[in-house]
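Residue strings, one per chain:
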Amino acid sequence: MKYLSTRGGMKPQAFCDILLEGLAPDGGLTMPEFLPKVSADTLESWRGLSYATLATEVLGYFITDISKGDLNKLTRAAYTKDIFSTEDIVPLKPLSRDLTLLGLSEGPTLAFKDMAMQFLGQVFEYVLGKRRTSITILGATSGDTGSAAEYALRGKRGVSVYMLSPYGRMSDFQRAQMYTLQDENIHNLAIRGVFDECQDIVKALSSDLEFKAAHRVGAVNSINWARIAAQVVYYFWGWLRSTRKAGEVVSFAVPSGNFGNILSGHIAREMGLPIRKLVLATNENNVLEEFFRTGVYRPRSAEQTHATSSPSMDISRASNFERFVYDLVGRDPARVRELWQQLADKGEFDLSALRSSFEQRYGFVSGVSTHADRLQTIRDVHRDSGVLIDPHTADGVKVAAAHVEPGIPMLVLETALPAKFGATIEEAIGESAPIPAKLQGLADLPQRVEVMDCDAQLVREYIQSHSATA
Ligand SMILES: *Cc1c(COP(=O)(O)O)cnc(C)c1O
């Protein structure tokens, strides 16, 4: 399998060559040159597989430059009971006759990003080892992505992580989660500034080509293709665990922000997995809901982006959306370039001419959930099924309910556990969410963090003085 750019300006490359890169050199995103088909017979033969073995099978279509045997070692190391606290890795949790949660948040940081990051950590170490090289991961986080990356990359040979976070602006839980890591290759830098300023420092250092080359600076952001590929696996898992025979269909509802999670569902559906609907749920930041309703894509400015009680979905532009548009316009890179030029010139583009294909051809429907919906849904689900869901998952349940069809299982992707969002849970049900056993006592552990003024030069010097002399 080779990879191309959505904008057509990259010669075909293998998986391991695009693994450590962010954007394609022409500013586009990498996509497999075709979407492989999985036959109904093959699908049936996967019913008894463990999660790790299923991951080897599914990822084997996208990663053809690592042997099947080695790939199997990587998935087995990533998806263990030890890391995910359950033999199933992704448990299914029924809520009602029609609705079931797909439990993607059993990993170390209690959110679905662990699913892809744990695999990424393994494959990074493997590829860096083979190539006898090392990498510096530089990132900024307001909480979630940074901690998932740190837990996945802790102790990995050849990888140093420098994660910038806004000093004093994360929850106690998030701080405890990140700063208690004692691994030598993990560096937490708390910056006296806001998240955007942390992001600006990362951008400044990453665009300094000399610095970037000297330290082999990379990122593990949401556009990384390996993350998308790893997420495809759990759509297959969800289908296999909620059907009995070939041809049965299932719908998925996905709380969405950067369009990474649901893009993996689109890929699974294109591979032939019998998915009926992909239900895209947004919060008040409804850029994507608006697109699937009207055909107009109109990203917002930072000022127009609301801070909501499902914060991981507070996005102004959806960084993975270009990959879906590439498929939507018939994989025509010239058309993608044209659309993104319009976006730069006019701040929006209009694909309403293709609107009828969104649902008919691709299965996409969408809906919005607000703060009031979130609270009500958390309360209702708790009352009716005894299950406590987090605010993001609640957005998914709320929108899913409007699209349930009799006899067709609706799997709602559980993107985080409620323990991470205690304040909203208390607001909804008047009591706090239980903290999973593995995280109890975290608040009492020593923290390892360097507090620093908001200055790119200080961060640069810190990295220079701490980088291993390889
Ligand atoms: C990242 C995240 C999302 C959004 O996922 P995308 O892939 O960006 O669409 C939703 N919920 C939670 C809890 C997240 O951490």
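Residues numbered from 1 in each chain as written. Predicted model: local features only at pLDDT ≥ 70, side-chain atom pairs only at ≥ 80, totals over all residues. Heavy atoms only, no water.

Per an unreviewed UniProt entry, the protein chain carries the name Threonine synthase and comes from Candidimonas nitroreducens. As recorded by UniProt, the Cofactor (unreviewed entry) comment attached to the protein chain reads in full: "pyridoxal 5'-phosphate". Recorded in UniProt for the protein chain, the comment headed Sequence similarities (unreviewed entry) runs: "Belongs to the threonine synthase family." (UniProt positions renumbered as here; feature names shortened; annotations may be inferred.)

S.K.: How would you summarise the UniProt feature "domain: Tryptophan synthase beta chain-like PALP" (unreviewed entry) in the protein chain if you had to cite specific residues and measurements?
M.R.: Mapped onto this numbering, the UniProt entry gives "domain: Tryptophan synthase beta chain-like PALP" (unreviewed entry) at residues 107–313. Helix and strand shares over residues 107–313 are 44% and 19% respectively, and the end C-alpha atoms of the span are 19 Å apart. (Helix = DSSP H or I, 4+ residues; strand = E, 2+ residues; numbered from the N terminus.)

S.K.: Run through the packing of aromatic side chains, naming residues and quoting values.
M.R.: One pass over the full model with this rule turns up 27 aromatic pairs. When the ring of phenylalanine 62 is compared with that of tryptophan 225, the centres are 5.7 Å apart and the planes differ by 70°; the resulting orientation is edge-to-face. Residue phenylalanine 62 is located in helix H3 (residues 51–62), and its partner tryptophan 225 is located in helix H11 (residues 225–242); the two are separated by 163 residues in the primary sequence. You can call phenylalanine 62 buried: its relative accessible area is 0%. With a relative accessible area of 3%, tryptophan 225 lands in the buried category. Summarising the aromatic geometry, the rings of phenylalanine 259 and phenylalanine 321 are spaced 5.4 Å apart at their centres and angled 85° between planes, so their arrangement reads as edge-to-face. With phenylalanine 259 in the loop between strand S9 (250–255) and helix H12 (260–270) and phenylalanine 321 in helix H14 (residues 321–328), this pair connects stretches of sequence that are 62 residues apart. The class of phenylalanine 259 is buried, set by a relative accessible area of 1%. Residue class for phenylalanine 321 comes out buried when judged on its relative accessible area of 0%. Taken together, Phe259, Phe291, Phe292, Tyr297, Phe321, Phe324, Trp340, Phe349, Phe358, Tyr362 and Phe364 form an aromatic cluster joined through their ring pairs. Residue placement shows arginine 192 over the ring face of tyrosine 167; its charged tip is 5.9 Å from the ring centre. (Phe/Tyr/Trp six-rings, centres within 6.5 Å; stacked < 30°, edge-to-face > 60°. Buried < 20%, exposed > 50% of the residue type's maximum accessible area, 1.4 Å probe, protein only. Lys NZ or Arg CZ within 6 Å of the ring centre and 35° of its normal.)

S.K.: Which residues make up the site of the ligand, and what are the values?
M.R.: Around the ligand lies a shell of 15 residues, among which Lys113, Gly257, Asn258, Asn261 and Thr415 are the nearest. Glycine 257 is positioned with one of its backbone polar atoms (N or O) 2.7 Å from an oxygen atom of the ligand. Between the ligand and phenylalanine 259, the relevant distance is 3.1 Å, taken from an oxygen atom to a main-chain nitrogen or oxygen of the residue. Of the residues belonging to the shell around the ligand, the class tally is 5 nonpolar, 8 polar and 2 charged. (Near = heavy atom within 4 Å. Polar contact = N/O pair within 3.5 Å; in protein donor to acceptor, adjacent residues only side chain to side chain. Nonpolar A, V, L, I, M, F, W, Y, C, P; charged D, E, K, R; others polar.)

S.K.: Tell me about the pattern of salt bridges, and name the residues and values.
M.R.: Evaluated as defined, the whole model comprises 27 salt bridges. The residue glutamate 322 makes a salt bridge to arginine 7 at a minimum N-O spacing of 2.8 Å. With glutamate 322 in helix H14 and arginine 7 in the loop between strand S1 (3–5) and helix H1 (15–18), the pair connects residues that are 315 residues apart, well separated along the chain. Take glutamate 322: its relative accessible area is 5%, and that puts it in the buried class. On the basis of relative accessible area, arginine 7 is assigned to the buried category, the value being 19%. (Salt bridge = Lys/Arg side-chain N within 4 Å of Asp/Glu carboxyl O.)

S.K.: Tell me about the packing of helix H4 (residues 68–78) against helix H6 (residues 113–130), and name the residues and values.
M.R.: When two helices pack together, their arrangement is given by the angle between their axes and by how far apart the axes lie. One way to put it is that H4 packs onto H6 with a least axis distance of 8 Å and a crossing angle of 140°. When the axes of H4 and H6 are compared, the pair comes out oblique. Handedness of the crossing formed by H4 with H6: right-handed. Facing H4, whose interface residues are Asp70, Leu71, Leu74, Thr75, Ala77 and Ala78, H6 presents Gln118, Phe119, Gln122, Val123, Tyr126 and Lys130. Residue composition of the contact of H4 with H6, by class: 7 nonpolar, 3 polar and 2 charged. (Axes fitted to C-alpha atoms, helices over the stretch in contact; angles between N-to-C directions. Parallel < 35°, antiparallel > 145°, perpendicular 65-115°, else oblique. Left-handed = near helix turned anticlockwise from the far one by under 90°. Contact = heavy atoms within 4.5 Å.)

S.K.: So what's going on with a nonpolar patch on the surface? Which residues, and what values?
M.R.: Taken together, the side chains of Tyr167, Val449 and Val451 define a hydrophobic patch exposed on the protein surface, amounting to about 230 Å² of accessible area. Relative accessible area serves as the criterion here: at 45%, tyrosine 167 is assigned to the partly exposed category. (Patch = residues over 30% accessible without salt bridge, like charges linked within 9 Å, V, L, I, M, F, W, Y side chains within 5 Å. Areas by Shrake-Rupley, 256 points an atom, 1.4 Å probe, with all protein chains shown as cover.)

S.K.: Describe in detail the sheet that holds strand S7 (residues 186–192), supporting the description with residues and values.
M.R.: Read across the open sheet, the 5 strands follow the order S8-S5-S6-S7-S15; overall the sheet is parallel. The open sheet has two edge strands with one neighbour each: strand S8 (217–218) and strand S15 (450–453). Strands strand S5 (135–140), strand S6 (159–166) and S7 of the sheet are contacted by helix H7 (residues 144–153), whose axis makes an angle of about 160° with S6. (Pairing = 2+ DSSP bridges.)

S.K.: If you had to explain the side chain of threonine 141 to someone new, which residues and values would you point to?
M.R.: Here threonine 141 shows up in the loop between S5 and H7. Since its relative accessible area comes to 3%, threonine 141 is described here as buried. Of the polar contacts made by the side chain of threonine 141, one reaches the backbone nitrogen of glycine 146; its length is 3.0 Å. For threonine 141, the contacting residues outside a window of four places in its chain are Gly146, Met163, Leu164, Ser165, Pro166, Met178 and Phe195.

S.K.: Hey, could you go over helix H17 (residues 371–385) for me, with residue numbers and the actual values?
M.R.: With 15 residues, H17 should reach 21 Å at 1.5 Å per residue; the first-to-last C-alpha distance of 21 Å fits that figure. Listed as buried for H17 are Arg374, Leu375, Thr377, Ile378 and Val381. The buried residues of H17 occupy an angular sector of 165° when the element is viewed end-on, so they sit on one face. Summarising the geometry of H17, the exposed residues directed more than 90 degrees from the buried face are Ala372, Arg383 and Asp384. Where H17 is buried, its residues meet helix H18 (391–401) and helix H19 (422–429). Where H17 terminates, the next one or two residues include glycine 386, which has phi positive at roughly 80°. (Expected span 1.5 Å × (residues − 1). Arc of directions from axis to C-beta.)

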